[in-house]
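As a plain string of letters, each chain reads:
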Amino acid sequence: MKEAIKEAKKAYEKLEIPVGAVIVKNGKIIARAHNLKETKKTVTAHAEILAIGKANKKLKNWRLLDCDIYVTLEPCQMCMGAIISSRIKNIYIGTLDPKKEEKLDIKKYEEKYGVKIETGIMQKESEYILKNFFKDLRKNGG
């Protein structure tokens, strides 16, 4: 998760919502990314989607079997769909999204898709980056 937080800090510096994601296979990082929605001017440039794309290229496969993803903020529905579709088995989340209307149904994902989800990994650090980003944004009229 430390590496995902480093990615979130890169997003922060680019005035992107500070979310970072890292994909690991056999204990080795194979892909890393951070949000680039504003930079790339595309709605799909979320950290998770970008990291999955990099991992697909690295492994030359759309299936990310035996891979884990570490993400600093609870994935949105689009990202969760991509994570599940890519066959990632373990999802490690820094913090849940308190503003998300529909709460993450961990039990559903674990039972229906066989994915393991763990939350609260370096939660304070993940929350700190997000809170500071939005505080700075408000302070600067954003």
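Provided above is the structure to which this section pertains.
This report concerns the structure included in the present document. Just so you know, these numbers come straight off a predicted model, no measurement behind them. (Residues numbered from 1 in each chain as written. Predicted model: local features only at pLDDT ≥ 70, side-chain atom pairs only at ≥ 80, totals over all residues. Heavy atoms only, no water.)

## Thoughts on the pairing of strand 2 (residues 28-34)
At step 1: In terms of strand pairing, strand 1 (residues 20-25) meets strand 2 through six bridges, oriented antiparallel. In the strand pairing of strand 2, lysine 25 is matched with lysine 28. (Pairing = 2+ DSSP bridges. Helix = DSSP H or I, 4+ residues; strand = E, 2+ residues; numbered from the N terminus.)

## Concerning the packing of aromatic side chains
At step 1: Tallied over the full model, the rule gives four aromatic pairs.
At step 2: Between tyrosine 12 and phenylalanine 133 the ring centres are 5.4 Å apart and the planes differ by 75°, which places this aromatic pair in the edge-to-face class. Of the two residues, tyrosine 12 is situated in helix 1 (residues 2-13) and phenylalanine 133 in helix 6 (residues 123-139); the sequence distance between them amounts to 121 residues.
At step 3: You can call phenylalanine 133 buried: its relative accessible area is 5%. (Phe/Tyr/Trp six-rings, centres within 6.5 Å; stacked < 30°, edge-to-face > 60°. Buried < 20%, exposed > 50% of the residue type's maximum accessible area, 1.4 Å probe, protein only.)

## Examining the side chain of glutamate 7
At step 1: Topologically, glutamate 7 is positioned in helix 1.
At step 2: Within polar-contact distance, the side chain of glutamate 7 engages the side chain of histidine 34 at 2.8 Å.
At step 3: Not counting the four nearest positions on each side in its chain, glutamate 7 is found in contact with Gly20, Ala21, Arg32, Ala33 and His34. (Polar contact = N/O pair within 3.5 Å; in protein donor to acceptor, adjacent residues only side chain to side chain. Contact = heavy atoms within 4.5 Å.)

## A look at a negative patch on the surface
At step 1: There is a patch of like negative charges on the surface, built from Glu102, Asp105, Glu110 and Glu111.
At step 2: Position of glutamate 110 among the secondary structure elements: in helix 5 (residues 106-113). (Patch = residues over 30% accessible without salt bridge, like charges linked within 9 Å, V, L, I, M, F, W, Y side chains within 5 Å. Areas by Shrake-Rupley, 256 points an atom, 1.4 Å probe, with all protein chains shown as cover. Salt bridge = Lys/Arg side-chain N within 4 Å of Asp/Glu carboxyl O. Lys, Arg positive; Asp, Glu negative; His and termini not counted. Charge placed at Lys NZ, Arg CZ, Asp CG, Glu CD.)

## Concerning a positive patch on the surface
At step 1: Together, Lys14, Lys40, Lys54 and Lys57 give the surface a local cluster of positive charge.
At step 2: Its location among the elements puts lysine 40 in helix 2 (residues 37-40).
At step 3: On the basis of relative accessibility, which here comes to 49%, the residue lysine 40 falls in the partly exposed class.

## A word on a nonpolar patch on the surface
At step 1: On the surface, Ile17, Phe134 and Leu137 cluster together into a nonpolar patch covering about 210 Å² of accessible area.
At step 2: Of note, leucine 137 is situated in helix 6.

## A word on the pattern of salt bridges
At step 1: Applying the stated criterion to the full structure yields seven salt bridges.
At step 2: Measuring nitrogen to oxygen at the nearest pair gives 2.9 Å for the salt bridge that ties arginine 32 to glutamate 3. Here the residue arginine 32 occupies a position in strand 2, and glutamate 3 occupies one in helix 1, the gap between them amounting to 29 residues.
At step 3: Connected through shared salt-bridge partners, Glu3, Lys6, Glu7, Lys10 and Arg32 make up one network.

## Notes on the pairing of strand 1
At step 1: Taken across its six residues, strand 1 has five buried, putting it largely inside the fold.
At step 2: Hairpin connection from strand 1 to strand 2: two residues lie between these consecutive antiparallel strands, with asparagine 26 at a positive phi of about 50°.
At step 3: One ladder, built from five bridges, connects strand 1 with strand 3 (residues 67-73); its direction is antiparallel. When the bridges of strand 3 are listed, valine 22 appears paired with tyrosine 70.

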